[in-house]
Amino acid sequence: VQLQASGGGLVQAGGSLKLSCAASGGSFSNYVVSWFRQAPGKGREFVAAIRWNSRNTYYADSVKGRFTTSRDNAKTSVDLQMNSLKAEDTAVYYCAASRTIIVSNIRNEYGYAYWGQGTQVTVSS
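None of these values were measured; they are calculated from a predicted model. (Residues numbered from 1 in each chain as written. Predicted model: local features only at pLDDT ≥ 70, side-chain atom pairs only at ≥ 80, totals over all residues. Heavy atoms only, no water.)

Attention now moves to the environment of Ser24. By secondary structure assignment, the location of Ser24 is in strand 3 (residues 17-24). For Ser24, the contacting residues outside a window of four places in its chain are Val1 and Gln2. (Helix = DSSP H or I, 4+ residues; strand = E, 2+ residues; numbered from the N terminus. Contact = heavy atoms within 4.5 Å.)

What follows covers the packing of aromatic side chains. Given two aromatic rings, one states the distance between the centres and the angle between the planes to describe the pair. Tallied over the entire structure, the rule returns 8 aromatic pairs. Aromatic pair Phe36 and Trp115: ring centres 5.3 Å apart, planes at 50°, arrangement tilted. Of the two residues, Phe36 is situated in strand 4 (residues 32-38) and Trp115 in strand 10 (residues 114-115); the sequence distance between them amounts to 79 residues. Judged by its relative accessible area of 27%, Trp115 falls in the partly exposed class. Judged by centre distance (6.4 Å) and plane angle (75°), the rings of Tyr94 and Trp115 are edge-to-face. Taken as a pair, Tyr94 in strand 9 (residues 91-98) and Trp115 in strand 10 lie far apart in primary sequence, 21 residues in all. (Phe/Tyr/Trp six-rings, centres within 6.5 Å; stacked < 30°, edge-to-face > 60°. Buried < 20%, exposed > 50% of the residue type's maximum accessible area, 1.4 Å probe, protein only.)

Shown next as structure tokens:
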């Protein structure tokens, strides 16, 4: 499966953005689809994940209550709704997918075989 992330942009602090991760060459059935981000000079960090079949979701503490990930059945995509954005949310956001990752490892970027190209999110303060 190939992933295509979209929806990034420039927004003021307190604003909202929605990212989408679309699948091509297959579907997300039986996959875990996750979002990671990488700020300048920092390592890649886990943001959120959704297990496609069960719709179970997982979030980093830093975004819990502000970000929501969900699946879009019609579009075969996974969305990341980001509200109450802060300057520290500025980063390149990536979506990733795995059919084999277990819950205890879901925050580990090395557990994912498929990655999208990244989309820039810039939050101005």
